[in-house]
There are 2 protein chains.
Amino acid sequence: MHKMNSKNKTFIDKLRSSGLRPTNQRVEISKFLFNRKKTFHFTVEELKNSMNLKRSKKISTATFYNTVHALKSAGYLKEFSLENNTSYYDTNIKSHHHFFDNGKVIDIKSDKITFQKLPDAPKGKKIKNVEVVIRLENNN
Amino acid sequence: MHKMNSKNKTFIDKLRSSGLRPTNQRVEISKFLFNRKKTFHFTVEELKNSMNLKRSKKISTATFYNTVHALKSAGYLKEFSLENNTSYYDTNIKSHHHFFDNGKVIDIKSDKITFQKLPDAPKGKKIKNVEVVIRLENNN
DNA sequence: TAACTACTTTATAATTATTCTAAAGTATGT
DNA sequence: ACATACTTTAGAATAATTATAAAGTAGTTA
Ligand SMILES: [Mn+2]
Ligand SMILES: [Mn+2]
Ligand SMILES: [Zn+2]
Ligand SMILES: [Zn+2]
């Protein structure tokens, strides 16, 4: 028994177009991920904790993992890594750059960085994308 | 009871200067890591397997982890991440760039990439380093 | 609407990478 | 050679993730 407003329509389409039944859990997760103005960078554990905190009926860990993987396979999420052993996900699926500031991740739009010189791909290979990480530290 | 040639001297100094006693295990690992012409990128598990394969007396997993961490803390190794949840280490400790080609990592010297435009650091922050990953795919 | 079936969720077990623990072994100074 | 602090090691513990399989639900279809 759940209501459905026009806002949710988008997510339902996103899910259906990925061959995923728009179950309650999936719609809720999609809403949480995509219904925001700024890019969202997260781990599955963070996603689970922040969503389940507010819910009486918790969504299971497995469903968070399943849904994030499905959305990634469908091309709605991008995976990346910091230097620990946890997967991060990015709601910005376009090729782009990042500031890394002590575990905090900030997007840099692709056109904010341009190259003067870039190496050629080794023979038999071609460049798929070029992504830059700018690591930050505090002044002084 | 172990012999010691002049080749090992370097590694012993490296270890001593890091406050580490040059035990047999640490010297062997250092030799394996640093006694090569090209940069070496590896996971602890890979290191352990390739070294222990050739040895009758195996070095323990804990010692591989301990030694790699110690060498990293001493500044002789750099840690980085691909998009799985495993730590990689790099014997090239200078800031530099990489090609990523299906799990294979290739160094790009810093001066092979130069920038035309780079964003400013957010206020209160400064740039520590800028590293580029060029992802490759096969032609056609 | 009832029934059917394939897909989904979930609790729980398993796996992988890594770290911790504490006992036995070793390097270094005296 | 002795003492002592540092090291190695097997094995237990932890964290992130994936697998399993039983119970539940969505999208048909009758
Ligand atoms: Mn881990
Ligand atoms: Mn893992
Ligand atoms: Zn991003
Ligand atoms: Zn490198």
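Residues numbered from 1 in each chain as written. Chains lettered and ligands numbered in written order. Predicted model: local features only at pLDDT ≥ 70, side-chain atom pairs only at ≥ 80, totals over all residues. Heavy atoms only, no water.

Student: Just give me the short version of the sheet that holds strand β7 (residues 125–138) of chain A, but keep the residues and values in it.
Tutor: Spatially, β5(A)-β4(A)-β7(A)-β7(B)-β4(B)-β5(B) is the arrangement adopted by the six strands of the open sheet, whose pairing is mixed. With partners counted over all chains shown, the strands left at the sheet margins are β5 (104–108) of chain A together with β5 (104–108) of chain B, one partner each. Averaged over all adjacent pairs, the angle separating strand axes in this sheet is 25°, with direction ignored. (Pairing = 2+ DSSP bridges. Helix = DSSP H or I, 4+ residues; strand = E, 2+ residues; numbered from the N terminus. Axes fitted to C-alpha atoms, helices over the stretch in contact; angles between N-to-C directions.)

Student: Tell me about the pairing of strand β2 (residues 78–81) of chain A, and name the residues and values.
Tutor: All names here are of chain A. Across four bridges, β2 lies against strand β3 (residues 87–90) in antiparallel orientation. Note that in β3 the partner of F80 across the bridge is Y88. The turn linking β2 back onto β3 is made up of five residues.

Student: Tell me about the packing of helix α3 (residues 44–53) of chain A against helix α4 (residues 61–73) of chain A, residues and numbers included.
Tutor: All names here are of chain A. Contact geometry of α3 with α4 gives a least axis separation of 10 Å together with a crossing angle of 125°. Taken together, α3 and α4 sit at an angle that is classed as oblique. Classified by chirality, the crossing of α4 by α3 is right-handed. Of α4, the residues touching α3 (which contributes V44, E45, L47, K48, M51 and N52) are T61, F64, Y65 and V68. The residue makeup of the contact of α3 with α4, split by class, is six nonpolar, two polar and two charged. (Parallel < 35°, antiparallel > 145°, perpendicular 65-115°, else oblique. Left-handed = near helix turned anticlockwise from the far one by under 90°. Contact = heavy atoms within 4.5 Å. Nonpolar A, V, L, I, M, F, W, Y, C, P; charged D, E, K, R; others polar.)

Student: Residue-level account of α3(A), with values.
Tutor: For the α-helix, the turn length of 3.6 residues means that residues three or four positions removed from each other point alike. All names here are of chain A. Residues of α3 that are buried include every one of V44, L47, K48, M51 and N52, and no others. Buried residues of α3, seen end-on, are gathered within an arc of 110° and therefore sit on one face of the element. Buried-residue contacts for α3 involve α2 (24–34), β1 (41–42), α4 and β3. (Buried < 20%, exposed > 50% of the residue type's maximum accessible area, 1.4 Å probe, protein only. Arc of directions from axis to C-beta.)

Student: Give a detailed account of the protein's contact with DNA strand C, specifying residues and quantitative values.
Tutor: Lining the immediate environment of DNA strand C, one finds 22 residues, of which A:T23, A:R26, B:R16, B:Y65 and B:H69 sit closest. Taking the atoms of DNA strand C that fall within 4 Å of the protein, sugar and phosphate contribute 81% of them. Take A:R21: an N or O atom from its main chain is 3.1 Å from a phosphate oxygen of DNA strand C. For DNA strand C, a phosphate oxygen lies 2.7 Å from a polar atom in the side chain of B:R16. Taken together, the elements giving at least two residues each to the surface near DNA strand C come down to α2 and α4 of chain A together with α4 (61–73) of chain B. (Near = heavy atom within 4 Å. Polar contact = N/O pair within 3.5 Å; in protein donor to acceptor, adjacent residues only side chain to side chain.)

Student: Tell me what's going on with the relation of the copies chain B and chain A, and back it up with residues and numbers.
Tutor: Superposing chain B onto chain A takes a rotation of 180° combined with a translation of 0.0 Å along the rotation axis, leaving an RMSD of 0.1 Å. Look at the turn and shift together and you get a two-fold axis relating the two. Interface overlap between copies: 100% of the residues of chain B at the interface are likewise at the interface in chain A, consistent with a symmetric, same-surface contact. (Least-squares fit on C-alpha atoms with pLDDT ≥ 70 in both.)

Student: Give a detailed account of the sheet that holds strand β1 (residues 41–42) of chain B, specifying residues and quantitative values.
Tutor: All names here are of chain B. Within the open sheet, the three strands sit side by side as β1-β3-β2. Their pairing is antiparallel. Looking at the sheet topology across the chains shown, the edges are occupied by β1 and β2 (78–81). Bridge analysis of β1 against strand β3 (residues 87–90) gives two bridges, and the strand direction is antiparallel. Note on β3: the bridge partner recorded for H41 is D90.

Student: Describe in detail the interface of chain B and chain A, supporting the description with residues and values.
Tutor: A common way to state how big an interface is: give the accessible area lost once the parts meet. Tallying the contact residues gives 40 residues for chain B and 41 residues for chain A. When chain B packs against chain A, close to 3700 Å² is buried across both sides, 49% of that on carbon and sulfur atoms. Broken down residue by residue, the surface that chain B buries against chain A is led by B:K126, B:R135 and B:E137, which jointly contribute 15%. Linking chain B with chain A are two salt bridges. (Buried area = accessible area lost by both parts, 1.4 Å probe. Salt bridge = Lys/Arg side-chain N within 4 Å of Asp/Glu carboxyl O.)

Student: Go over the protein's contact with DNA strand D with me, naming the residues and quoting the values.
Tutor: Around DNA strand D, a shell composed of 21 residues is seen, among which A:H69, A:S87, B:T23, B:Q25 and B:R26 lie nearest. Within 4 Å of the protein, atoms of DNA strand D come from sugar and phosphate in 80% of cases. The side chain of A:Y65 places a nitrogen or oxygen atom 2.8 Å from a phosphate oxygen of DNA strand D. In this structure, a phosphate oxygen belonging to DNA strand D sits 3.1 Å away from a side-chain N or O atom of A:H69.

Student: Give me the lowdown on the side chain of A:T67, citing residues and values where you can.
Tutor: Secondary-structure assignment places A:T67 in helix α4. In contact with A:T67, other than residues within four places in its own chain, are A:R26 and A:I29.

Student: Which residues make up the packing of aromatic side chains, and what are the values?
Tutor: Residue and element names in this part refer to chain A. Per the stated rule, a full pass over the model turns up ten aromatic pairs over all chains. Geometrically, the ring pair formed by F80 and Y88 is tilted, given 5.6 Å between the ring centres and 35° between the ring planes. The same class applies to F80 and to Y88, which are both buried. An aromatic cluster of at least three residues, connected via ring pairs, comprises F32, F40, F42 and Y89. Between K14 and the ring centre of F34, over which it is positioned, the NZ or CZ distance is 4.1 Å. (Phe/Tyr/Trp six-rings, centres within 6.5 Å; stacked < 30°, edge-to-face > 60°. Lys NZ or Arg CZ within 6 Å of the ring centre and 35° of its normal.)

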